Amino acid sequence: MNKYVSPAMNRRAFVIGTAAVSAGLALGLDIPFGRPAVVRAADGSPEVNAWVVVRPDDTVVIRIARSEMGQGSLTGLAQLVAEELECDWSKVTTEYPTPGQSVARKRVWGDFSTGGSRGIRSSQDYVRKGGATARMMLIQAAANEWKVPASECTAAKSVITHTPSGRTTTYGKVAEAAAKLTPPAEVKLKDPKDWTIAGKGVSRLDTADKTTGAMTYGIDVKLPGMLNAAIKDCPVFGGKVKSFDEAKIAGMKGVKKVVRVGDSAVAVVADTWWHAKTALEALPIVWDEGDNAKVSSESIAKWLAEGLDNEQPAYVGNKNGDAKAAIAGAAKKIEAVYNYPYQNHATMEPMNATALYTADKCEVWCGTQNGEAAFAAVLEASGLPAEKCDVHKLMLGGGFGRRGQTDYVRQAVAIARQMPGTPIKLLWSREEDMAHGRYHPITQCKMTGAFDADNNLVALHYRLSGQSILFSLRPEALQNGMDPAAFQGVAQSGEAAFGYSVPNLLIEHAMRNPHVPPGFWRGVNVNHNAIYMECFMDELAHAAGQDPLEFRRKLMGSHPKHLAVLNAVAGKIGWSKPAPQGVYRGIAQVMGYGSYVAGAAEISVTDGSKIKVHRIVASTDPGYVVNPAQVERQIAGSFVFGLSALFYGGCTVKDGRIEQSNFDTYNSMRINEMPKVEAVMVPSGGFWGGVGEPTIGVAAPAVLNAYFAATGKRIRSVPLRDQNISFA
Amino acid sequence: MANLTINGKSITVDVEPDTPLLWAIRENVGLTGTKYGCGIAQCGACTVHIDGVAARSCGVAVSEAEGKQITTIEGLASGATLHKVQQAWIAHDVPQCGYCQSGMIMAVAALLKEKPKPTDADIDEAITNICRCGTFQQVREAIHTIANA
């Protein structure tokens, strides 16, 4: 995967000290001689295998390759390893290997990418095997010492017992010997029904430091002699720096250097970031804004609307029968056009990275959702080979997809290259973060539904027009030009499959790519597809004179898992009974990231414009639940993210640039606006789905459908603030 | 130059008088638990106590903070004993990414000092910090646990 990997550098010995940054990151490798050799952690403790280090005091250090950004998968992955390892959970700690170390060891830790709700589901198999393999090696080491068959020994809570004799030892005592053994070729994993650590809502491993200010985020990195940089990229995407007048800020306090960063940005380096930012604001910069300066939200909307015209070309993502013919000959048809805007991730911690570049080394310290992508960015931006680069990952102050991109890493290295030997911490202002996001893509959707004389839905035409993320970020993943991810939630099959059977179906995408850079924004294409489809399903139900739940159920007979979560929320919210006086309900379901989710909301509306959300019920079938307490938090958090976007979000474009500049113009929900989310977990087993993202899809349509029930008025445009609708 | 009293210690920092207290705390004093989120007193990530009252330190100049008792998240605990809000935060596993939580905890500690048994309405009015992860449910539950202890 990493094209920069040098094949000549595997299994070389090196030790990386990162003590200056934060405890828990240091992880050295020491492979002095041929096999079998013990690989050691930085503190000298033996590595039983790449995933498990056991210290003499029985502390178990579990290596985690995926990034923790609040979603809890650091704890979940540790639970899975510990479950198979049969170790004492109270003695578990974790550490991140660096991408450089992984590359040097033939990517022993696999994929570092933490997006697409994949953190646990894509690595559960090999991390569990890592735990199981280590357990077998530890047991074998004890058996060897006792000169008994390993089959006579068992392990529990880090204690190995020779059953016939009753002798015991601990993991810490045999780890050194275990580390010298050849790993078993085959391991058997536990049946999840036998789990004792996984599957439980154990406390997170990273909470304590987050309550005392001790947790180190990228923004908190301190290195000796470090300087701070503030940056301004051309506000018009695609524009360039024409000139800047650094003489104007030469005398300002603390300023050390003014540097050009690539073609499009200027950075001021100073003793403190406050000085850097203050000077940057005073620096005259002339931009070459280019043709994109003519683009506005209006011009984008007009271009997308043209794509809704059936005569325009479109990619077909899901098809059944002949929808156009069935619509033409139907007894009744209804049509609606919806739209969804750009959204900024607005992570609480703005983008930042710290880089140290010297003639023979380039190291970066940052929060990233993809350590290997950040590593590749360091190699490219520094021009140095893999063995001279590394990335030290820190806690992320939010990710939501934004920190899967590496633009801020490249910038930090580009600045550091111009000041060799001096560590440079680059921090974006909130305003820069708002101006240079990787935005949730903009789309519109025209839907047409047709009924026979008995009000049965006979055809559905779903025509999406708008931006493709893959076109911009992963063009190699396009299929003959089509973006398969554009159909998330309405796809024919797979991990984001459509949950309804319609005899004549046409789901297509007219791709239109404005100049605003799109990105993977928590929930990604599920967000708008679920709003469009689930709100339109509500419209269809009312057009047919049927209850929205019953209308859906009739179309879901062949989709039992979709139906099961829908039924679960309907039951929990009491759909069959009337809502309290003045309270109205909406319901929605979707599949995304391999999981089935549904949501229902109870709201009241004052004066047609003030919404109070009283209750939210949400159901998820992710196959297996590794930590129910954290899954519950992801479900609740998904509603905060999805409803913030619905009520307050929306990034608009004027003169080629984003208009919103901070939380005063791009607001986020507060505690007074958010009810308790009643989560209903219905894991049916047999598959592994994600939990961080899918639920966002049902947040907005559940509330929008409830709004219709309350007011008789359809809202087909996001955000609500543009229509003077707000929280009560 | 400014003379500040932070977490009970008197500290002289070499900054211009209009420097936001947030940046003096983070960059000049070196206490990084107080976070930068917006710089315009909207999000609350930088909340500290000034003479016992919650304040958004990005919007306070160091000149305004001189002579006052400033408490940051690092100074909330009493020695090795965590503040009751910190303890409740651990018991309820409140933080997700945790970035906003220093400010959230400081805002809640100030509320509880004023109203030891806040109602939901009191919480809604006093706690206006942004949390993009959406920890509000756990925040509310943790506050009630403290109030009912």
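Predicted model, so just to flag it, every value in this text is computed and none were measured.

Concerning the overall build of chain A
Each helix and strand counted, chain A has 16 helices and 28 strands in total. For chain A, the C-alpha atoms occupy an extent of roughly 80 × 80 × 50 Å along the three principal directions. A total of 728 residues make up chain A; the buried ones form 57% of that total. Here the contacts in chain A between residues at least 6 apart in sequence split such that 78% fall between residues at least 24 apart.

Topic: the overall build of chain B
Assigned secondary structure in chain B consists of six helices and five strands. Each helix and strand of chain B, placed in order from N terminus to C terminus, yields the pattern β-β-α-β-β-α-β-α-α-α-α. Relative to a compact globule of 149 residues, whose C-alpha radius of gyration would be 15 Å, chain B shows 15 Å and is just as compact. Along the first, second and third principal axes, the C-alpha atoms of chain B reach 45 × 30 × 25 Å. Looking at chain B as a whole, 60% of its 149 residues are labelled buried. Considering only contacts in chain B between residues 6 or more positions apart, those separated by 24 or more positions represent 60%.

Comments concerning the sheet that holds strand β16 (residues 361-366) of chain A
All names here are of chain A. Here seven strands make up an open sheet; going across it, the order is β10-β11-β8-β18-β15-β16-β17 and the pairing mixed. Two strands bound the open sheet, and with one partner strand each, they are β10 (255-261) and β17 (389-393). Going across the sheet, the axis of each strand differs from the next one's by a mean of 20°, ignoring polarity. Pairing of strand β15 (residues 352-358) with strand β18 (residues 424-427) involves four bridges; the strand directions are antiparallel. When the sheet's bridge partners are listed, T354 is paired in β18 with K425. Each of β15, β16 and β17 is contacted by helix α8 (residues 371-382), which is oriented at about 140° to β17, the strand it contacts most.

Some remarks on the interface of chain B and chain A
Listed per partner, the contact involves 43 residues of chain B and 45 residues of chain A. Among the elements that take part in the side of chain B that touches chain A, helix α6 (residues 136-147) of chain B stands out by supplying four residues, more than any other. Along the lines of polarity and charge, the residues of the side of chain B that touches chain A split into 21 nonpolar, 15 polar and seven charged.

Regarding helix α4 (residues 101-114) of chain B
Residue and element names in this part refer to chain B. Helix length check: α4 (14 residues) gives 20 Å between terminal C-alpha atoms against 20 Å at 1.5 Å per residue, within 8%. Counted residue by residue, α4 has 12 buried out of 14 residues, so it is predominantly covered. Regarding α4, the residues found buried are Q101, S102, G103, M104, I105, M106, A107, V108, A109, A110, L111 and L112. Along its buried surface, α4 packs onto β3 (47-50), β4 (53-56), α3 (84-91), α5 (120-126) and α6.

Brief notes about the environment of N627 of chain A
By the secondary structure assignment, N627 of chain A is in the loop between β24 (610-621) and α15 (628-647). Not counting chain neighbours up to four residues away, the residues in contact with N627 of chain A comprise G72, T75, G76, Q79, G201 and V202 of chain A.

A look at the nonpolar core
The biggest cluster of nonpolar side chains holds 282 residues, and the ones touching the most others in it are L138, A267, V268, V378 and V703 of chain A. Excluding its chain neighbours within four sequence positions, the residues that come into contact with V378 of chain A are C362, V364, C389, V391, V409 and V413 of chain A.

With respect to the confidence of the model for chain B
Note: predicted coordinates in regions of low pLDDT should not be interpreted at a detailed level. Confidence in the prediction of chain B, expressed as mean pLDDT, is 98, and 100% of residues score 70 or more. Scored as a complex, the prediction yields pTM 0.95 and ipTM 0.99.

Rules used throughout
Residues numbered from 1 in each chain as written. Chains lettered and ligands numbered in written order. Predicted model: local features only at pLDDT ≥ 70, side-chain atom pairs only at ≥ 80, totals over all residues. Helix = DSSP H or I, 4+ residues; strand = E, 2+ residues; numbered from the N terminus. Buried ≥ 20, exposed ≤ 12 C-beta atoms within 10 Å, placed from the backbone. Contact = placed C-beta atoms within 7 Å. Rg over C-alpha atoms; globule rule 2.2 N^0.38 Å. Pairing = 2+ DSSP bridges. Axes fitted to C-alpha atoms, helices over the stretch in contact; angles between N-to-C directions. Nonpolar A, V, L, I, M, F, W, Y, C, P; charged D, E, K, R; others polar. Expected span 1.5 Å × (residues − 1). Core = buried A, V, L, I, M, F, W, Y, C linked by C-beta atoms within 7 Å. pLDDT = per-residue confidence, 0-100.

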